[in-house]
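Examination of the molecular architecture
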Amino acid sequence: MDNVPSIVSKAVPAPFIESATNTLFALSIEPGAPFSNAFVDTKRITLPAKDGIEPTLEVVVGDRANVESYFDDASGCCVYRWGIAAHPDVRKSELLKWIADVINRGDFSALCQLVGMFVILIDDRRHRRVRMVSDPLGFRPWHVGTAKGKLVCGSDVWLLQRAGFDMGGVNYDAVAAWLRCIFDLTERGLFNGFPPIGYGVVATWEAGKYSESRYWNLAGVQRTPPDDELIEGMHQRISRTFDALTCDLDRVSIALSGGYDSRYVAGLAAKSEHLKTESFCIVDRESEEVGATNVVKALNLPMFKVLKTDGTLWDMYAAPFSFTPAGFPITKQLSYVAAAQRPGVPCLTGFFGDPMNRGSLDRVGGKLERETQEDLAVAYHRAFASSHLLARFDLLDPQVTKRGDERIISVLRKRFADWADSGHAILGVNLVAQQRHFMSNNVLQHLHVAEAITPFYSWETIQYKMGIDAACFSYDLYRKLLDRFYPQMSKIPHNSALADKNVRQIKPSRWTKRWATTVLKDLARPGRLSLLSHRKAAPRLLGTLIGRREMDVVAMFLYRLHLLEDRLRRAEVQFDWREM
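Not measured: the values here are computed from a predicted model.

**Looking at the overall build of the protein chain**
Helix and strand counts for the protein chain stand at 17 helices and 18 strands. For the protein chain, the C-alpha radius of gyration of 24 Å lies close to 25 Å, the compact-globule estimate for 580 residues. Dimensions of the protein chain along its principal axes, counting C-alpha atoms only, are 70 × 65 × 50 Å. The 580 residues of the protein chain split such that 59% are buried. Relative to all contacts within the protein chain whose residues are 6 or more apart in sequence, the contacts with residues 24 or more apart total 76%. Carbon and sulfur atoms form 49% of the exposed surface of the protein chain, whose accessible area is close to 23,400 Å².

Structural data, given as structure tokens:
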């Protein structure tokens, strides 16, 4: 677009602010106990004692933490909100008081009305009780454990480990799932001692005991409404969530790819009269730029910038891998680069649009639950293990993978049993496993740079979808939804329909040979990467070093294993792949 400024760079210029940490930690304390902060680069934000009542909870935060606090005089409760929480009918200035009232009434069901990704801490000082509220699917990371009989919780397990807490050893079920299916479908995290808080729960710590109570009840049914009714119902709920999340904002950035999810949120932003928007398209294939540019033209969006990669997958990142809050290495995504263009400005994202509108998560291997005759756990495991394209399982000890698969199947059977009565078991498992512990990386990875605004994510929208036959959701429905509310974009094809323009021409990355070199050094050391066949791995890594492109996946996959083993070793955490 001639009248739209763009940035085209050989390597995407993005301000990587790894030192800015949007983190939160909390510990229960006894009255009069001295405060000692074990968390490096954090500060205490505990509200002071009032009316002679000492805190039950000490709260510390990292740099750039998005935290708000409130003292409720009526109940003596201190409320801390981490992340973005909003309510369609409650003003932001009144929200923490509303949350305190809901908690103190004891009927938690109204918490379903909250939208956003958040953790709420409530220090009920009069009753020496701590309560914690997770968002409906628990996307905001929060890990809970104990130390010497005291509650300890925080947003990142490696920072908890660094602070000196006993992590309870490695959870080998989670390691097996991460190895074979690329994400932790156990929902328990890397360490046994500090699992994530449950999804959609109010957790209570009182008299040395911890419990969780889910605040939503699922009513899964199989209605088949007309398309017009379904489209209207989805859009109303998504729009209501968007309005609640953005009503107090004056500026957002948009990660715009030109696909259905990002064009939908761009349409929401374009209709807003108070939001100043700036959109960024990170281009690694021509179809992305074509789609995004056409969306910008159709919606008349201001301040659109194109940032082209240099053709590699990884050279745009200062460090391609990071660690998830639950402890596992994972690669960065393009959304990170888009969000990093405007640090501190909330990033409007299409995350969660696909499972809500298209129905991709209602199926395993392309089949709905009623179309699948075999054990769902077996089918689900096979689907993810076989689609793990950035893996070379042939280089691993077969006995390790066999035992790992047995662990995964056992866990999955329990997960599917949890959702058996919902009528949407595949979707349920996908939401609380794949979305919570894998796809959420699209937004969690940049929390230290910019918060994420997620219009597709609300319990109201999830519940509405689960009341409808999964067969109703498809790409065709999504296109009708967009055509109905954004007809100015109706002529813009999906990126996948742009044939040769949707082909990514990948150039070699400078990182690949570094990864291969690192792993080769590991193979020369006794006891390292014991799950590998060194005889098979070494020549393939050498192939990477001499430029055999088909061996690049070997370097990346094995380096991923190296990262986990190396970090555990340096942290002096006992670990052996063969224990899996």
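**What about the pattern of salt bridges?**
Counting across every chain of the model gives 39 salt bridges. A salt bridge links Lys-480 to Asp-227; the shortest N-O distance between them is 2.8 Å. With a gap of 253 residues between them, Lys-480 in helix 14 (residues 475-485) and Asp-227 in helix 4 (residues 227-246) connect regions that are remote in the sequence. Overall, the relative accessible area of 29% leaves Lys-480 in the partly exposed class. The shortest N-O distance in the salt bridge between Arg-479 and Asp-483 comes to 3.0 Å. Highlighted residues: Arg-479 and Asp-483, both in helix 14, separated by 4 residues, approximately one helical turn. The exposure class of Asp-483 is partly exposed, given its relative accessible area of 25%. Beyond isolated ion pairs, a larger network of salt bridges with shared partners links Asp-227, Asp-476, Arg-479, Lys-480 and Asp-483.

**Things to note about the packing of aromatic side chains**
Where two aromatic rings form a pair, the distance of their centres and the angle of their planes describe that pair. Applying the stated rule across the entire model yields 32 aromatic pairs. Centre to centre, the rings of Trp-515 and Tyr-559 are 5.5 Å apart; their planes meet at 20 degrees, and the pair counts as stacked. Within this pair, whereas Trp-515 is found in helix 15 (residues 510-523), its partner Tyr-559 is found in helix 17 (residues 552-570), the two being separated by 44 residues in sequence. Neither residue differs from the other here; Trp-515 and Tyr-559 are each classed as buried. Measuring from ring centre to ring centre gives 4.8 Å for Phe-575 and Trp-577, while their planes differ by 75 degrees; the resulting arrangement is edge-to-face. Grouped by ring-pair contacts, the aromatic residues Tyr-260, Tyr-264, Phe-456, Tyr-475, Tyr-478 and Tyr-486 constitute a single cluster. Geometry around Trp-216 places Arg-214 over its ring, the cationic atom sitting 5.2 Å from the centre.

**With respect to the environment of Thr-544**
Checked against the element boundaries, Thr-544 lands in helix 16 (residues 534-545). Classification of Thr-544 by relative accessible area gives buried; the value is 2%. Sequence separation between Thr-544 and Ala-555 is 11 residues; the distance between their C-alpha atoms is 7.0 Å. Here Thr-544 is in contact with Thr-512, Lys-513, Ala-516, Met-551, Asp-552 and Ala-555, once residues within four sequence places are set aside.

**A few points about empty space enclosed by the protein**
All chains considered together, the criterion is met by 1 cavity of 30 Å³ or more. If you go around the largest cavity, the residues you meet are Lys-50, Asp-51, Ile-53, Phe-71, Gly-76, Arg-125 and Arg-126. For the lining of the largest cavity, the residue count by class is 2 nonpolar, 1 polar and 4 charged.

**Describing helix 1 (residues 92-105)**
With 14 residues, helix 1 extends 20 Å between its outermost C-alpha atoms, agreeing within 8% with the 20 Å of an ideal straight helix rising 1.5 Å per residue. If you check which residues of helix 1 are buried, you get Leu-95, Leu-96, Trp-98, Ile-99, Ala-100, Val-102 and Ile-103. The elements touched by buried residues of helix 1 are strand 4 (67-72), strand 5 (77-83), strand 6 (118-124), strand 7 (129-134) and strand 10 (201-206). Looking one or two places after helix 1, you find Gly-106, whose phi comes out positive at around 90 degrees.

**Quick word on helix 10 (residues 398-418)**
Look at helix 10: 31 Å from first C-alpha to last across 21 residues, which is about the 30 Å you get at 1.5 Å a residue. Taken as a whole, helix 10 has its buried residues at Val-400, Thr-401, Gly-404, Asp-405, Ile-408, Ile-409, Val-411, Leu-412, Arg-415 and Phe-416. Against the buried residues of helix 10 lie helix 3 (172-181), helix 9 (376-386) and helix 11 (425-439). A distance of 2.9 Å separates the backbone nitrogen of Gln-399 from a side-chain oxygen at the start of helix 10, and that oxygen is part of Asp-397.

**Quick word on the state of the cysteines**
As enumerated under the stated definition, the model contains 0 disulfides in all. We note that Cys-77 lacks a disulfide partner, and the nearest cysteine sulfur, in Cys-78, lies 7.6 Å from it. Looking at Cys-77, the relative accessible area reads 1%, which means it is buried.

Rules used in this analysis
- Residues numbered from 1 in each chain as written.
- Predicted model: local features only at pLDDT ≥ 70, side-chain atom pairs only at ≥ 80, totals over all residues.
- Heavy atoms only, no water.
- Helix = DSSP H or I, 4+ residues; strand = E, 2+ residues; numbered from the N terminus.
- Rg over C-alpha atoms; globule rule 2.2 N^0.38 Å.
- Buried < 20%, exposed > 50% of the residue type's maximum accessible area, 1.4 Å probe, protein only.
- Contact = heavy atoms within 4.5 Å.
- Areas by Shrake-Rupley, 256 points an atom, 1.4 Å probe, with all protein chains shown as cover.
- Salt bridge = Lys/Arg side-chain N within 4 Å of Asp/Glu carboxyl O.
- Phe/Tyr/Trp six-rings, centres within 6.5 Å; stacked < 30°, edge-to-face > 60°.
- Lys NZ or Arg CZ within 6 Å of the ring centre and 35° of its normal.
- 1 Å grid on protein atoms, 1.4 Å probe; cavity = no way out; pocket = protein on both sides within 12 Å on 5 of 7 lines; lining within 4 Å.
- Points joined across faces, edges and corners; volume = space filled by probe spheres on them.
- Nonpolar A, V, L, I, M, F, W, Y, C, P; charged D, E, K, R; others polar.
- Expected span 1.5 Å × (residues − 1).
- Polar contact = N/O pair within 3.5 Å; in protein donor to acceptor, adjacent residues only side chain to side chain.
- Disulfide = S-S within 2.5 Å.

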